[in-house]
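What follows is each chain in one-letter form.
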Amino acid sequence: MEEGLTERKTKDTKMASSSSNENVAVEAGEEYPYTYPYPSNLSATSFISVKLSGRDEYIMWKTQMLCLLKSHGMFGFIDGTLTISPQTSSTSVSGKEKLGGDDHNHWLWTRSDALVKGWILGSLSKETLANVLKRLTDKLHQETNADDFSAKDLWDELQIIYAPTILPQLLPQLVVVDLYKQQEEQRRAEIHHELYEATLSTDWGRVDRILSGGVITVTDKITKNGNTALYVAVGGTNKPEFLERLLEVTPNINTQLLDMQNSDGSTLLHVAAIVGNNEAVDILVERNSDLLLAKDSEGRTPLALALSNMNTQTARHLLEHINNTDDIQKDALFSGTTGDELLVTVISSKDFRLANDLVKSYKIFHSDAVLTAIAQNFPPELNKVEKYIAFDVRSITVKGMLNYMVPRSILSWVVRLMAIIFCLAYPRMIGFVILYLMTLKILGWIIIKERVRNHCAAEELSKTVSRLIKNSNDPSSYHHYYTNPILEATRQNACKVVQDIVSFFPNAIWSTNEDGHNILQYAVINRSIKVYKLLHKKSEHKNMYRNIKDSSGNNLLHLAARLAPDNKLNFISGAALQIQRELKWFKEVEGFVCPLNIKQKNSFNETPQMVFTREHKELVIEGEKWMKATAHSYTITAALITTVVFAAAITVPGGNDNMGIPNFTNKTAFIVFAVSDAISLVASLISLFMFLSILTA
């Protein structure tokens, strides 16, 4: 029986050896009953294509490594079936050391185990290798105070690090619980979606059926951003009766409204303000007026959100409700920097009529932001036609009609005098003329009334804000409120704002910017013509302005010689026309300053003319190119016109008689034709020569 066992082991060993690249060094026999595979010629790096560097690669790496180990009979070194044999002392034979059977088997096992370790370690990334070696070394020092570890220790440590397992006895339970949770969550998600669609379609029957099921309530969050069915009804529907029914089925809704918030910290009134749902605003405020002062996660009130989303009518609704609250709540809403930002938002939207309604709730401003916003967004001045067409916008009163009937310019006097003369000469036409003029005025008013009303509201707001700043602050702090606004108004050429600020704060005229330039200097630099004319009229400061200089020794003409800002220069198309405008502005300021300043030099030893030449050098080059290109196009056109007119002149209509005199000489139409053709020929020739002179200049 022992011989059969030995023979069978020998056969198994040979089979294992035949599957490897190299046979074992010592065959099994009576002296060495055990042996281990050792495929040393195998290149494991060519077999393992994945470097283990983290959890994501562990499954792929483990699969390849198991295939390698099993295919070469080395799997027992990591699953614990091929364990180490006990080592005994060596015996001496003929003066040489000879390993005993157990010692030799131990050596064979260690050699094969080291090969498996080499395969595993060679398939790890640098970071993973350093990590696992440190963990194994520390663990061995703590437990056995040894330095060597087996392939199984290495395999188990990698599994602990990168493949944490669940206890087998708890796995079935956890799988069942997790599956139940998934099914429950999926079921609730389907009900949430159904409630969402039913609320959007305002189908109360479906909504009532879903809520009656008891799975979810009105206050449950059914969207990713934390909105409930009430939020969906406020933001996506415009049926107030549907919202009322939802509110009725919500328990303690009046007290919950203030605490009910979505992921943005918004209440139902915030959502109504964002979408402009005026009916929802009235319903919600009626149930809980404290919602008017509620703030979202960014500190914004419903009124602020309505204004920032350009929902003017909703903002007016909210403002009406706010005016019905007590003064303490209003002061909390319209005070501090947030209160100033609220009015700035309205002004930035250029709705000055709403701004006038809103400013009535303010008692004090905490910064210059409001007046600066007015300067930045003040509408352009009305032109003469608009002023002529416009009635008294503020109110149709006797005073307003008298102001309208009294002409305010020479043109108005001339037009009305001609109308009176015409009516006296043709008395029957008086009614028709009056009806015609009134029709034109009414049509014109329909076209421009919004612009006129907004402009008048802007003028009123400018005065109201300036008056409020003056009445609610100490005179020593006025400069904090008007310095930046008056400079901004000067830059924007908002003459009316500058006039209002100076009228309420006379010292504002001495305001300077960071470069030390006062208002007039700033107006010259920014080409603010209306502000320049306004300050030019103030005779008490005219002489001082004529000789004023900045820190670099530049007088007004030096500043006028600078290149205009891009936003002012780009109003005019064409470089040649731009340089023409710059020259006109330079000549305008040149006529204002003292004659001595024309040749005066600044700190850089430059005269105004030198500054103008240097600043406009590139613009002059562009202007030349533009003029030549334009003149070239017009030259071709003028040449074509000259050719046609000349051909018409030498081709006499109707022919000539025997004496060479045109047959239509005595005809009036022929004379008109001849004169017109001659004038056209002369004009086209002059144009042709003019454009040619530009090209050759």
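Residues numbered from 1 in each chain as written. Predicted model: local features only at pLDDT ≥ 70, side-chain atom pairs only at ≥ 80, totals over all residues. Heavy atoms only, no water.

Engineer: Before we move on, could you go through the overall build of the protein chain and cite the residues and values that matter?
Structural biologist: When you go through the protein chain residue by residue, the secondary structure sums to 36 helices and 2 strands. The contacts in the protein chain between residues at least 6 apart in sequence include a share of 70% that link residues at least 24 apart. Accessible surface, the protein chain: about 40,300 Å² in total, of which carbon and sulfur atoms supply 58%. (Helix = DSSP H or I, 4+ residues; strand = E, 2+ residues; numbered from the N terminus. Contact = heavy atoms within 4.5 Å. Areas by Shrake-Rupley, 256 points an atom, 1.4 Å probe, with all protein chains shown as cover.)

Engineer: I'd like a description of the packing of aromatic side chains, backed by residues and values.
Structural biologist: Using the criterion set out here, one finds 11 aromatic pairs in the structure. Seen in terms of ring centroids, Y58 and W61 are 6.0 Å apart; in terms of plane orientation they differ by 35 degrees. Their pairing is tilted. With Y58 and W61 both in helix α3 (residues 55-71), this residue pair falls 3 residues apart, about one helical turn. The class of W61 is buried, set by a relative accessible area of 1%. A network of ring pairs unites the aromatic residues Y58, W61 and W155 as a single cluster. Taking NZ or CZ as reference, K70 lies 5.0 Å from the ring centre of F75, over its face. (Phe/Tyr/Trp six-rings, centres within 6.5 Å; stacked < 30°, edge-to-face > 60°. Buried < 20%, exposed > 50% of the residue type's maximum accessible area, 1.4 Å probe, protein only. Lys NZ or Arg CZ within 6 Å of the ring centre and 35° of its normal.)

Engineer: Residues and numbers for the pattern of salt bridges, please.
Structural biologist: Within this structure, the stated rule accounts for 14 salt bridges. Across the pair E157 and R135 runs a salt bridge, and its minimum N-O distance is 2.8 Å. Taken as a pair, E157 in helix α7 (residues 151-162) and R135 in helix α6 (residues 126-143) lie far apart in primary sequence, 22 residues in all. For E157, a relative accessible area of 2% translates into the label buried. Looking at R135, the relative accessible area reads 36%, which means it is partly exposed. D296 serves as the salt-bridge partner of R300, at 3.1 Å between the closest nitrogen and oxygen. (Salt bridge = Lys/Arg side-chain N within 4 Å of Asp/Glu carboxyl O.)

Engineer: A description of the side chain of S477 should follow, citing residues and the corresponding values.
Structural biologist: Looking at the element boundaries, S477 is found in the loop between α24 (430-472) and α25 (479-492). A polar atom in the side chain of S477 sits 2.8 Å from the backbone oxygen of D474. (Polar contact = N/O pair within 3.5 Å; in protein donor to acceptor, adjacent residues only side chain to side chain.)

Engineer: Summarise helix α36 (residues 668-696); cite the residues concerned and give the values.
Structural biologist: Given a rise of 1.5 Å per residue, 29 residues ought to cover 42 Å, and the 42 Å separating the end C-alpha atoms of α36 matches this to within 8%. For α36, the elements touching its buried residues are α35 (617-650). (Expected span 1.5 Å × (residues − 1).)

Engineer: Can you lay out the packing of helix α18 (residues 336-348) against helix α20 (residues 369-377) for me, pointing to particular residues and giving the numbers?
Structural biologist: Where α18 meets α20, the axes come as close as 9 Å, and the angle between the chain directions of the two elements is 5 degrees. Taken together, α18 and α20 sit at an angle that is classed as roughly parallel. In contact with D340, L343, V344, I347 and S348 of α18, α20 contributes A369, V370, A373, I374 and N377. Its residues placed into classes, the contact of α18 with α20 shows 7 nonpolar, 2 polar and 1 charged. (Axes fitted to C-alpha atoms, helices over the stretch in contact; angles between N-to-C directions. Parallel < 35°, antiparallel > 145°, perpendicular 65-115°, else oblique. Nonpolar A, V, L, I, M, F, W, Y, C, P; charged D, E, K, R; others polar.)

Engineer: So what's going on with the packing of α25 against helix α26 (residues 495-504)? Residues and values would help.
Structural biologist: Each pair of packed helices can be summarised by the angle the axes make with each other and by the distance between the axes. Put simply, α25 and α26 touch, their axes get as near as 8 Å, and they point 150 degrees apart. The pairing of α25 with α26 is recorded here as roughly antiparallel in orientation. Crossing handedness for the pair α25 and α26: left-handed. Contact with α25, carried on its side by Y482, P485, I486, A489 and T490, involves V497, V498, I501 and V502 of α26 and no other residues of that element. (Left-handed = near helix turned anticlockwise from the far one by under 90°.)

Engineer: A description of the nonpolar core should follow, citing residues and the corresponding values.
Structural biologist: For soluble globular proteins, nonpolar side chains are generally found buried alongside one another. With 113 residues, the main nonpolar core has L303 and F365 as its most contacted residues. Not counting chain neighbours up to four residues away, the residues in contact with F365 comprise D340, L343, V359, V370, V465, L468, I469, N473 and Y481. By size, the runner-up hydrophobic cluster in this structure holds 34 residues, among which are W61, L108, W119 and L154. (Core = buried A, V, L, I, M, F, W, Y, C linked by side-chain atoms within 4.5 Å.)

Engineer: Run through unusual backbone geometry, naming residues and quoting values.
Structural biologist: Even without glycine at this site, T202 takes up a positive phi of about 50 degrees. By relative accessible area, which is 18% here, T202 ends up buried.

Engineer: Residue-level account of the side chain of T128, with values.
Structural biologist: Mapping T128 onto the fold places it in helix α6. In this structure the side chain of T128 is engaged in a polar contact, spanning 3.0 Å, whose partner is the backbone oxygen of L52. When sequence neighbours within four positions are dropped, the list of residues in contact with T128 reads L52, S53, L158 and Y162.

Engineer: Go over the environment of L557 with me, naming the residues and quoting the values.
Structural biologist: Among the secondary structure elements, L557 is positioned in helix α30 (residues 556-560). Residue L557 is classed as buried on the basis of its relative accessible area, which comes to 0%. A sequence separation of 34 residues divides L557 from G591, and the C-alpha atoms of the two residues are 9.5 Å apart. Those residues within four positions of L557 in sequence are excluded, and the remaining contacts are F586, V589, E590, V593, N597, I598 and P608.

Engineer: Residue-level account of the environment of K463, with values.
Structural biologist: With respect to the helices and strands, K463 occurs in helix α24. Between the C-alpha atoms of K463 and Q499, which are 36 residues apart in sequence, the distance is 9.8 Å. Leave out the neighbours within four places in its chain, and K463 touches K496, D500 and F504.

Engineer: Outline the environment of S603, listing residues and values.
Structural biologist: In this fold, S603 is placed in the loop between α33 (595-598) and α34 (608-615). Linking S603 and G553, residues 50 residues apart in sequence, is a C-alpha distance of 5.2 Å. When near neighbours in sequence (up to four residues on either side) are disregarded, S603 contacts S551, S552 and G553. Of note is the side chain of S603, whose polar atom sits 2.7 Å from the backbone oxygen of S552.

Engineer: So what's going on with the confidence of the model for the protein chain? Which residues, and what values?
Structural biologist: Looking at the protein chain, pLDDT values average 79 and 80% of them are 70 or higher. Per-residue pLDDT stays below 50 along residues 1-34; that stretch engages in 38 contacts with residues further than four places along the chain or on separate chains. Contacts from residues 392-407, a stretch scored under 50 in pLDDT, to residues over four places away or in other chains number 20 contacts. (pLDDT = per-residue confidence, 0-100.)

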